[in-house]
Amino acid sequence: MLTEQDAIRLQETLRQQVIPTDVLPAQLNIVAGVDVEYDKDSDLIAGAIVLLDYHTRETLAIATHCMQVEFPYIPGLFSFREMPVLLEAWYKLSTFPDVIICDGHGWAHPRRFGLACHLGVTLDRPTLGCGKTRLTGHFEAPAVERGSLSPLLAEDNGEHIGNVLRTQTGINPVFVSAGHKISLAAATSLVLQMTTEYRLPETTRKADQYAREALLQYKGML
DNA sequence: GCGACAG
DNA sequence: ATCTTGTCGC
């Protein structure tokens, strides 16, 4: 099995493959959201990938997968816990997205390799991270209006690793960072565009909903 | 040594 | 992550 030290070494290797600039289609058509749901009293988890039409936000496809978690939750190694289910769900898709919005961070990680980077490099597709809480970095609160943002700066060298973005006026901001093949600016504007009436992007909300549903159905079959 | 720590 | 509907407050 993968040890903690193995995981950290693997992160370093894969991190060097991250492309921090925009390598996106001229026109976006399909945006994906991914999320993983955990069972309260067992080690079962469900991963979901939802494809939405970029323009209408209509649901185009859903893929889910249930299995047991085999890696513990360790801040900084979070991707090793969620990658397996997400990859299994990914293999069930027959249509593919132009960009993937992950529930968690990308570059805004202690070693600059959060889930969004890991998934992006593994699938070699554009990804970005949109987390609900901070993992690393310091920031000032952005203005209260939707669209306001402030930079998330690395604790050691002050590097601009992400943006703290207010997606709804008067509601707590989210943490956006680049994953793979996308710039922070493009990632930030995409999150804002996919966020209509709630704090989180519709992609994330739908993925969360289908992951929860898949877990309940799977448990009901046991 | 102490606090912080995505989901 | 999970607990969790109605309720308190602006």
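Remember, predicted model here, so these are calculated numbers, not experimental data. (Residues numbered from 1 in each chain as written. Chains lettered and ligands numbered in written order. Predicted model: local features only at pLDDT ≥ 70, side-chain atom pairs only at ≥ 80, totals over all residues. Heavy atoms only, no water.)

**Student:** For this particular structure, what's the right way to read the protein's contact with DNA strand C?
**Tutor:** Taken together, the residues surrounding DNA strand C are Glu37, Tyr38, Lys40, Lys132 and Arg212. Between Arg212 and DNA strand C, the recorded distance is 3.3 Å, taken from a side-chain N or O atom to a phosphate oxygen. In the surface near DNA strand C, the residues fall into 1 nonpolar, no polar and 4 charged. (Near = heavy atom within 4 Å. Polar contact = N/O pair within 3.5 Å; in protein donor to acceptor, adjacent residues only side chain to side chain. Nonpolar A, V, L, I, M, F, W, Y, C, P; charged D, E, K, R; others polar.)

**Student:** Explain the side chain of Gln11 to me, please; I cannot follow it from the model alone.
**Tutor:** You can see Gln11 is positioned in helix α1 (residues 4-15). On the basis of relative accessibility, which here comes to 1%, the residue Gln11 falls in the buried class. In contact with Gln11, not counting residues within four places along its chain, are Gly76, Leu77, Phe80, His109, Arg111 and Phe113. (Helix = DSSP H or I, 4+ residues; strand = E, 2+ residues; numbered from the N terminus. Buried < 20%, exposed > 50% of the residue type's maximum accessible area, 1.4 Å probe, protein only. Contact = heavy atoms within 4.5 Å.)

**Student:** Teacher, can you tell me more about unusual backbone geometry here?
**Tutor:** Backbone phi values are negative for most residues with the exception of glycine, while trans is the configuration of most peptide bonds. Of note in this structure, Asp124 is not a glycine but carries a positive phi near 50°. Residue position: Asp124 is located in the loop between α3 (115-123) and β5 (127-131). Under the relative-accessibility criterion, Asp124 is labelled partly exposed at 45%. Even without being glycine, Lys181 reaches a positive phi, approximately 55°. Among the structural elements, Lys181 can be located in the loop between β8 (174-180) and α4 (184-194).

In short, geometric facts, not functional conclusions.
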